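# Remarks on the overall topology
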Amino acid sequence: MTSSLIRRTALAHAARPVRQLIENRTVFESHEAELSVYDTYEQAQRVGLEAEEVLYCGMLTGRKVLHGNHYDGEFLPHESFVMAPGEKISIDFPEANPNQPTTCLTLGIGRHKLQEVCDFLNRHTPLPMKNCEWQPNMGYSDHVFHIYHTQSTQLLLERIVNSFLIRDDDRDLVLNLGITELLTRMLRQNGRQFLQRCAQQNPTNSGLHAAVAFIDSHLGDNLEIDDLCKQACMSRSKLYQAFKQALGCGPREYIQQRRLEKARLLLQSGKSVTQVCFEVGYVSPSHFCRRFSQFYGHPPGTLLKRQDVS
């Protein structure tokens, strides 16, 4: 999350007394959703959290370790974690202290809102795959959904939080639009992961599957649109339409996103920035670093520093 948002969030509840050292909660409500900001000021283990509705969590500062029936792992800034209704997890706070509290936000969203967004997508951008529709559980993989923020998602979260904090006359309108966009991003991201799994398992099932599978197996190569058209047996216009409907972007943009997503995984495995740059198809480390920073909101070296700390 951007430092400006952290400062504004801190100012918004700095005047409120700290009622508890673990998961001190500040709540902002509206008709469509409930935003909570949680601050933890001391180390703790196995603090429970249960989702009554679809619960979107975004990390601001610090580190959490999550434990659940369907997920175990770290939760860091620039990441989102979405829980299905009824899901339970427990949380460790290994680094929280009074000078550097661990801070996150949660956004509780009614299931009717998620269904409303699915209905809209099915009417206006139906999935180009047989017997497949946008479904509410695409937003959280049935149980949980852990994703990395892009810079555009960071800015969207900032707008949503600001609409709670500012309380201007258009607050509910801004919130409604912001939450709709956030849910659309969630659905598209998880729908994309579903499509990628299908493409890996059966790349010949459809033209789109073939194109997606070809991209994933050639990320280090100079991919051309004509190559994708041949793999998908589609014209250029049909290919662009299929990508836009299923993935929310054109094939060129998708290629860049997949390269950066793979780059993140390779960096987390311990490879150097220069190694990763060439492995995912970039010819200049400086260009790669700039693209990575624009996409994720932090330079690739940040992931290597996290590896050193751990």
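The structure this text deals with has already been given above.
Residues numbered from 1 in each chain as written. Predicted model: local features only at pLDDT ≥ 70, side-chain atom pairs only at ≥ 80, totals over all residues. Heavy atoms only, no water.

### Regarding helix α10 (residues 285-296)
With 12 residues, α10 should cover 16 Å at 1.5 Å per step; its first-to-last C-alpha distance of 16 Å lies within 8% of that length. Phi turns positive one or two residues past the end of α10, at Gly297, with a value near 90°. (Helix = DSSP H or I, 4+ residues; strand = E, 2+ residues; numbered from the N terminus. Expected span 1.5 Å × (residues − 1).)

### Some thoughts on unusual backbone geometry
Positive phi, close to 55°, is recorded for Glu23, a residue that is not glycine. Structurally, Glu23 can be placed in the loop between α1 (3-14) and β1 (24-29). For Cys233, which is not glycine, the phi torsion reads 55° and is therefore positive. Looking at the secondary structure, you find Cys233 in the loop between α6 (225-232) and α7 (236-247).

### Things to note about the sheet that holds strand β10 (residues 144-148)
Paired through backbone hydrogen bonds, the strands of a sheet run either parallel or antiparallel to each other. The strand order across the open sheet formed by 6 strands is β1-β2-β9-β4-β7-β10, and the pairing between neighbours is antiparallel. Each edge of the open sheet carries a strand with a single partner, namely β1 and β10. Neighbour-to-neighbour, the strand axes of the sheet open up by a mean angle of 20°, direction not taken into account. Bridge analysis of strand β7 (residues 79-83) against β10 gives 5 bridges, and the strand direction is antiparallel. Looking at β10, one finds that Ser80 is bridged to Ile147. (Pairing = 2+ DSSP bridges. Axes fitted to C-alpha atoms, helices over the stretch in contact; angles between N-to-C directions.)

### Some points on the environment of Glu53
On the secondary structure map, Glu53 appears in the loop between β3 (44-50) and β4 (54-61). When its relative accessible area of 32% is taken as the criterion, Glu53 is described as partly exposed. If near-sequence neighbours (up to four positions away) are discounted, Glu53 is found in contact with Met83, Ala84, Pro85, Ile109, Gly110 and Arg111. (Buried < 20%, exposed > 50% of the residue type's maximum accessible area, 1.4 Å probe, protein only. Contact = heavy atoms within 4.5 Å.)

### Description of the packing of aromatic side chains
Given two aromatic rings, their pairing is described by the distance between the two centres and the angle made by the two planes. Tallying each qualifying case throughout the model produces 6 aromatic pairs. When the ring of Phe243 is compared with that of Tyr254, the centres are 5.7 Å apart and the planes differ by 65°; the resulting orientation is edge-to-face. Of the two residues, Phe243 is situated in helix α7 and Tyr254 in helix α8 (residues 251-268); the sequence distance between them amounts to 11 residues. In this pair, the class of Phe243 matches that of Tyr254, namely buried. With 4.8 Å between their ring centres and 80° between their planes, Phe295 and Tyr296 make a pair best called edge-to-face. (Phe/Tyr/Trp six-rings, centres within 6.5 Å; stacked < 30°, edge-to-face > 60°.)

### Things to note about empty space enclosed by the protein
Evaluated as defined, the whole model comprises 2 cavities of 30 Å³ or more. A volume near 70 Å³ is recorded for the largest cavity. Every residue lining the largest cavity is listed: Glu23, Tyr38, Leu49, Cys57, Lys64, Leu66, Phe75, Phe81, Ile89, Ile91, Cys104 and Thr106. Broken down by secondary-structure element, the contributors of at least two residues to the lining of the largest cavity are β5 (64-68), β8 (88-93) and β9 (102-109). Looking at side-chain class alone, the lining of the largest cavity contains 9 nonpolar, 1 polar and 2 charged residues. (1 Å grid on protein atoms, 1.4 Å probe; cavity = no way out; pocket = protein on both sides within 12 Å on 5 of 7 lines; lining within 4 Å. Points joined across faces, edges and corners; volume = space filled by probe spheres on them. Nonpolar A, V, L, I, M, F, W, Y, C, P; charged D, E, K, R; others polar.)

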